[in-house]
Amino acid sequence: MPNDYSSLHPIILLTVLALFIILLDIFLPKKKPAFLGWLVTIGGLIILLIDWHSPDAKLWDGLVNFTSYSRAFDTIFLLTLITVSIASVAEEGAMSFRGEYYGLLIFSTVGLMLIASSGGLLMLYLGIELTSMCLFTLVGFAKREKRSAEAALKMFIIGAIASAVMLYGISILYGVLGSTQFDRMSLAVARLDAAQSMALWLGVAFTLAGIGFKITAAPFHMWAPDVYEGAPTTITAYLSTASKTGGIAALLQFILLGMHSALLEWTPIIMLLAVLSMIVGNLVALVQTNLKRLLAYSGIAQMGYIMVAIAGLQATNGSMSVASAYVYLLLYSFTNVGGFLIAQAIADVTGSTEVSALKGLHRRSAPLAFGMLIVLFSLGGIPPLAGFVGKIYLFAAGWNGGQHLLVLLGAIVSVVSLYYYLMVALQVYIKDPEEKSRITVHSSLSAAISICVVATILIGAYPRPWVELGQYAASGLQRVSSMNIARTK
Amino acid sequence: MTHWILTFVILTPLTASLVLLLIPRQLRTLVRFVSLAGAGLTLPAAIWLFAAYNRQVAGFQFEQTLPWVPSLGISYHVGVDGTSVVLILLTAIIITGGIFASWTQKVRTKEFLSLLLLLVSGVFGVFASRDLFFLFLFYEIAVLPMYLLIGVWGTSTKQRTKEYSAMKLTLMLLAGSAFILVAILALYFNQTPHSFDMGAMAHAHYGPSFQKTIFLLVYIGFGVLAGIWPIHTWSPDGHASAPTAVSMLHAGVLMKLGAYGILRIGMGLLPDGAQHFAFLVGAIATINILYGALSAMGQTDLKYIIAYSSVSHMGVVMLGLASLNPIGINGSVMQMFSHGIMTGLFFACVGLIYEKSHTRNIPSMGGFAKKMPGIALLMTIGGLASFGLPATSGFIAEFLCFYGMWMRYPVLALISVVGIVLTAIYVLRMIQRIFLGQFKEEMYPSLPDAKTTEWVAITGLALLLIVVGLYPEPLVRMIDVSKQAQPFVASITPVKTPSTNESAKITNGNIHAQYGTRYFLTAINGYAMHINPNGWSNDAKRLQ
């Protein structure tokens, strides 16, 4: 059905929700908690439900393409939006533009949903830009704080350059392949002769560089630690999960739908990104003393692990890579948001995000300490937590795609990573606190943290539904790409 | 047919561990009894397993399978053969003893016992798992709590802080599991349909060069935990820093996980690889035995001596495995059991001595037997078992290991037997310097003997050493690998199968000469019924 626009409902409703919240905020009393975050939560849940009931569709000559893939990724984006919004309720009292805060947050989610449902590089780029623009503003939201302003400027400049590079890459690809639609691109790649492959390689490299910036894959990671440290922590949580998830969603579509037959062009680049991210992320994290910076570098390393699976996309049927990347992003969203929110809860009381502020946390707040332990162990890939299942699945996908050495490297550097995770655990559980006062957490913030921690345990304890969700996501991409292949013949 | 008994054994400590978290920390007695229930309930279950296991049918029994992630070939599949049953029994004994030994633990008791029980359910899980995904999962659960157990409740020694020891132990063991993970993925993907089930893998026919590579990964990966030289260095520091119950469990049971992994995955699934590297494994085991014993001789800290003796004894376990014949492997599993009990007893006694005298420095001790005769007696029994005196379980176990090795690489057997002499030297010297000699009244004004709950732990363990030493037959018959899963035994047929005459000569001649008067008839009769060379080579012929 070419004219069935009901698939657009989630995106339209989300936009309406954002505008409604901005308007509503005008009429609410300032400097008092207004629980707008809970409104976003309810709205987000309803939209999630609608999203799961809207049909597959290919609109406007394939500009957007709603499949099980976009639906599954929308789930991650909306769930992250929800947890971050719930946590943000705790900060509402201190915010001067909370309507705009939530509005921008929702708009950036709209951008991410556009990425996941894009049928070509054009919509992909639009989605990335929409998300980035909102996030530039949000990072600088605490505008009177020097670090926040610095972070925003830094992210804006580097982000703008990355966008320009990516746009240049897209224009080269358009020049070589004659289209920015994934299905036509893959047809053209199959017909390409060797003389043009240098240009193709340049186009692919530039596009991947742009996406690499989004997902903070080394060597495009430089901005991440500074920005993560300076941004308001709730935004850091969102930036480090939903925005990266969007980047990986874009990467998977670009490679599997558009470039799958151009193996020689993208595989070495992805492998390089994987090796650099895993090594740089894990080694530099070893010497970090600030929790937010540490999580930033750990996030870079985590992207490296996902790259191992993506490098395995070259296997004839890349569905295992897509499914494993999806499962990892899902659990990573919960775990990492949980980690940043705990950092936020501690910073609210101690005023510091240094690792040393966690000293003796188990005496000051046993639930926070337990949550932190779960988050750290999950990031370190320790069973029976989510990170364990996720990491094994990623490495299995990488191995399936023939990347044996990458898997071995990944397994070894994840042991290195345990050192810094355990060093944080050491502060939390083994060191004695300098100050004995108990840490109290705002109820909304603790609700958000609980959701993240419970989800982290649950995904690890019973992985079956999540793995099947990942395979469902992969099936969407698979169906589109096999349609492309069928047309090639 | 579905059996819940193994799931019960795995889940009981885990449940207790979670229940403990809900009990207020003030109710210390309740905390102790809940954890005793969590550990103690597994003991009757393990004994029931031991009694109910059908020795005629052999193979894997009490199996239970639940699909977990069917699309990836992961299922919760548990089942035990004789080896697993014996090791589960060992674990149940040690954890029950460990709970008794930490009865007087006062600092953050609740969390301590909770972590200890979590660790134990991981150990049970590894011994019972037939699915590699779950085996790896349980393996990590068994290894990880150690970090907090040593880091929070350990004691710093002169050489090392407890944080250092905890970190070193955790990182080395996890580096090992990185190798294991890669090996498991390789095993998973090199058979169709992809499955983590070990039963399926046993029929996968992996190629010889693949087997060699992966065997090395498995050997290194599990070898870290088994304490093989030169990647054993976490063990002395870790054991010396750990609190009593943790050292008991770690040296007594956890190190066996490493050897078990090599036996089950390395040799069970990759027999060609194991054959190819048998000499290397044997040679490193020999180094382990001698190096561990020599290092133990040079120590003055009591816990370091025991820790190095564990390294040495794990060498005997690996020596038995490297023989790749049923006698050696039976001996190896026997040694795992015997060493588990023995080292548990040792660490419990050392813990008591330290708790009462506040020192572990041997030169400042002496004449303790006057004040604590009970502990002195029991620790001496442990010491005698340690160098394999007849009438203790150590004798049967070590005899079988060396005998098995003799049939394969006589040179290595000869060299490694020297280790027994070295062991006798450091054990006897240690006992002499602690318990005999002049008692320094002014240094130790009050030095009581063990208390009720402590008695339960150490006498129980010491009695077991003697009972098993006098009557090893049920245990040996249970382990007897020649009756176990058939493809495995067929593939471990030794290169040189001694003919009837030859092996009779060995039994009557060389081994007799080496062991001399220590040849203990009761014991020999006990196991000879079941694994005399004739009997087993007949079995092997039948299998071929």
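Predicted model, so just to flag it, every value in this text is computed and none were measured. (Residues numbered from 1 in each chain as written. Chains lettered and ligands numbered in written order. Predicted model: local features only at pLDDT ≥ 70, side-chain atom pairs only at ≥ 80, totals over all residues. Heavy atoms only, no water.)

Right, let's get into the domain arrangement of chain B. Where interface size is given, it is often the accessible area lost as the parts come together that is meant. All names here are of chain B. One can read the domain layout of chain B as domain 1 (1-269) and domain 2 (271-530). Contacts between the two partners involve 59 residues from domain 1 and, on the opposite side, 58 residues from domain 2. At the junction of domain 1 with domain 2, the criterion picks out zero salt bridges. The tally of links from domain 1 across to domain 2 stands at eight residue pairs in polar contact (both at pLDDT 80 or more). Within the residue set of the side of domain 1 that touches domain 2, elements represented by two or more residues are helix 4 (82-101), helix 10 (208-226), helix 11 (234-241) and helix 12 (244-269). (Domains from an automatic or database assignment. Contact = heavy atoms within 4.5 Å. Salt bridge = Lys/Arg side-chain N within 4 Å of Asp/Glu carboxyl O. Polar contact = N/O pair within 3.5 Å; in protein donor to acceptor, adjacent residues only side chain to side chain. Helix = DSSP H or I, 4+ residues; strand = E, 2+ residues; numbered from the N terminus.)

Residues and elements named next belong to chain A. In this structure the tally under the stated criterion is 34 aromatic pairs over all chains. Between Phe213 and Trp223, the aromatic rings sit 4.9 Å apart at their centres with planes inclined by 35 degrees, giving tilted as the arrangement. Highlighted residues: Phe213 in helix 8 (residues 197-214) and Trp223 in helix 9 (residues 223-230), separated in sequence by ten residues. Summarising the burial analysis for this pair, Phe213 and Trp223 share the class buried. Relative to Phe395, the ring of Tyr305 has its centre 5.9 Å away and its plane inclined at 85 degrees; by these criteria the two rings are edge-to-face. (Phe/Tyr/Trp six-rings, centres within 6.5 Å; stacked < 30°, edge-to-face > 60°. Buried < 20%, exposed > 50% of the residue type's maximum accessible area, 1.4 Å probe, protein only.)

Scored by pLDDT, chain A comes out at a mean of 86, with 96% of its residues at no less than 70. Mean pLDDT values for the elements of chain A range from 77 in helix 19 (residues 464-488) of chain A up to 92 in helix 3 (residues 68-88) of chain A. (pLDDT = per-residue confidence, 0-100.)

Moving on: the interface of chain B and chain A. Taken together, the contact between chain B and chain A spans 29 residues of the former and 35 residues of the latter. When the buried surface of chain B facing chain A is broken down by residue, B:Trp68, B:Tyr147 and B:Phe189 rank first, second and third, together holding 17% of it. In this structure, the connection of chain B to chain A is made through three residue pairs in polar contact (both at pLDDT 80 or more). Elements with a contribution of two residues or more to the side of chain B that touches chain A: strand 1 (61-69), helix 6 (132-143), helix 7 (145-153) and helix 8 (162-189) of chain B. At twelve residues, helix 8 of chain B tops the list of elements feeding residues into the side of chain B that touches chain A. Split into classes, the residues belonging to the side of chain B that touches chain A amount to 23 nonpolar, three polar and three charged. (Buried area = accessible area lost by both parts, 1.4 Å probe. Nonpolar A, V, L, I, M, F, W, Y, C, P; charged D, E, K, R; others polar.)

Turning our eyes to something else, we now look at unusual backbone geometry. Residues and elements named next belong to chain A. The residue after Ala218, namely Pro219, is reached through a cis peptide bond having omega 5 degrees. Mapped onto the elements of the fold, Pro219 is located in the loop between helix 8 and helix 9. Pro383 connects to Pro384 through a cis peptide bond whose omega is 0 degrees. Along the chain, Pro384 falls in the loop between helix 15 (366-379) and helix 16 (386-400). Even without a glycine there, the phi angle at Trp60 is positive, about 50 degrees. Inspection of the secondary structure assignment puts Trp60 in the loop between strand 1 (57-59) and strand 2 (64-66). You can call Trp60 partly exposed: its relative accessible area is 46%. If you check the backbone angles, Thr216 has positive phi at about 50 degrees while not being a glycine. When you line up the elements, Thr216 lands in the loop between helix 8 and helix 9.

Residues and elements named next belong to chain A. For the pair helix 4 (residues 98-116) and helix 5 (residues 121-139), the least separation of the axes is 7 Å and the interaxial angle reads 160 degrees. The pairing of helix 4 with helix 5 is recorded here as roughly antiparallel in orientation. Handedness of the helix 4/helix 5 crossing: left-handed. Along the contact surface, helix 4 presents Tyr101, Leu104, Leu105, Phe107, Ser108, Val110, Gly111, Leu112, Leu114 and Ile115, while helix 5 presents Met123, Leu124, Gly127, Ile128, Leu130, Thr131, Cys134, Leu135, Thr137 and Leu138. Partitioning the contact of helix 4 with helix 5 into residue classes produces 15 nonpolar, five polar and no charged. (Axes fitted to C-alpha atoms, helices over the stretch in contact; angles between N-to-C directions. Parallel < 35°, antiparallel > 145°, perpendicular 65-115°, else oblique. Left-handed = near helix turned anticlockwise from the far one by under 90°.)

On to the confidence of the model for chain B. Looking at chain B, pLDDT values average 80 and 88% of them are 70 or higher. With pLDDT under 50 throughout, residues 494-544 of chain B is counted as low confidence; its partners more than four residues away or in other chains account for 80 contacts.

Now for helix 16 of chain A. If you check helix 16 of chain A, its first and last C-alpha atoms are 21 Å apart, about what 15 residues at 1.5 Å a residue would give, namely 21 Å. Across the 15 residues that make up helix 16 of chain A, a large majority, 14, are buried. (Expected span 1.5 Å × (residues − 1).)

A side chain with one charge may pair with a side chain of the opposite charge, provided their charged atoms come close. One pass over the full model with this rule turns up twelve salt bridges over all chains. Between B:Asp237 and B:Lys168 there is a salt bridge, with the nearest N and O atoms lying 2.9 Å from each other. Remark: B:Lys168 occurs in helix 8 and B:Asp237 occurs in helix 11; sequence separation between them is 69 residues. Accessibility expressed as a relative area gives 5% for B:Asp237, which makes it buried. On the accessibility criterion, B:Lys168 (19% relative accessible area) is buried. One network of salt bridges, with partners in common, ties together A:Arg147, A:Lys154, A:Asp226, A:Glu229 and A:Arg293.

A few words on the packing of helix 4 of chain A against helix 10 (residues 233-258) of chain A. The packing of two helices is summarised by the inter-axis angle and the distance between the axes. Residues and elements named next belong to chain A. Orientation of helix 4 relative to helix 10, taken along the N-to-C sense of each, is 15 degrees, at an axis distance of 8 Å. Judged by the angle between their axes, helix 4 and helix 10 are roughly parallel. Here helix 4 and helix 10 pass one another in a crossing that is left-handed. For the pair formed by helix 4 and helix 10, the contact residues are Tyr101, Leu105, Ser108, Thr109, Leu112, Ile115 and Ala116 on the first element and Thr234, Ile235, Tyr238, Ala242, Ser243, Gly246, Ala250 and Gln253 on the second. Of the residues belonging to the contact of helix 4 with helix 10, the class tally is nine nonpolar, six polar and no charged.

To continue, consider helix 16 (residues 373-386) of chain B. Residues and elements named next belong to chain B. With 14 residues, helix 16 extends 20 Å from end C-alpha to end C-alpha; this agrees with the ideal 20 Å at 1.5 Å per step. Across the 14 residues of helix 16, ten count as buried, placing the element largely inside the fold. Among all positions in helix 16, only Gly374, Ile375, Ala376, Leu378, Met379, Ile381, Gly382, Gly383, Ala385 and Ser386 are buried. Looking at the buried positions of helix 16, the neighbouring elements they touch are helix 14 (302-322), helix 15 (326-357), helix 17 (393-408), helix 18 (410-435) and helix 19 (452-470). A positive backbone phi angle near 75 degrees is found at Gly388, which sits one or two residues after helix 16.

Turning next to the pairing of strand 2 (residues 74-80) of chain B. All names here are of chain B. Counting buried positions over the seven residues of strand 2 gives seven, a clear majority of the element. One ladder, built from six bridges, connects strand 1 with strand 2; its direction is antiparallel. Note on strand 2: the bridge partner recorded for Leu66 is Tyr76. Taking the residues that link successive antiparallel strands as the turn, the strand 1-strand 2 hairpin has four residues, and the phi of Gly73 there is positive, at about 70 degrees. (Pairing = 2+ DSSP bridges.)

Further remarks concern the environment of B:Val182. Mapped onto the elements, B:Val182 comes out in helix 8. When sequence neighbours within four positions are dropped, the list of residues in contact with B:Val182 reads A:Trp399, A:Val407, A:Leu408, A:Ala411 and B:Leu217.

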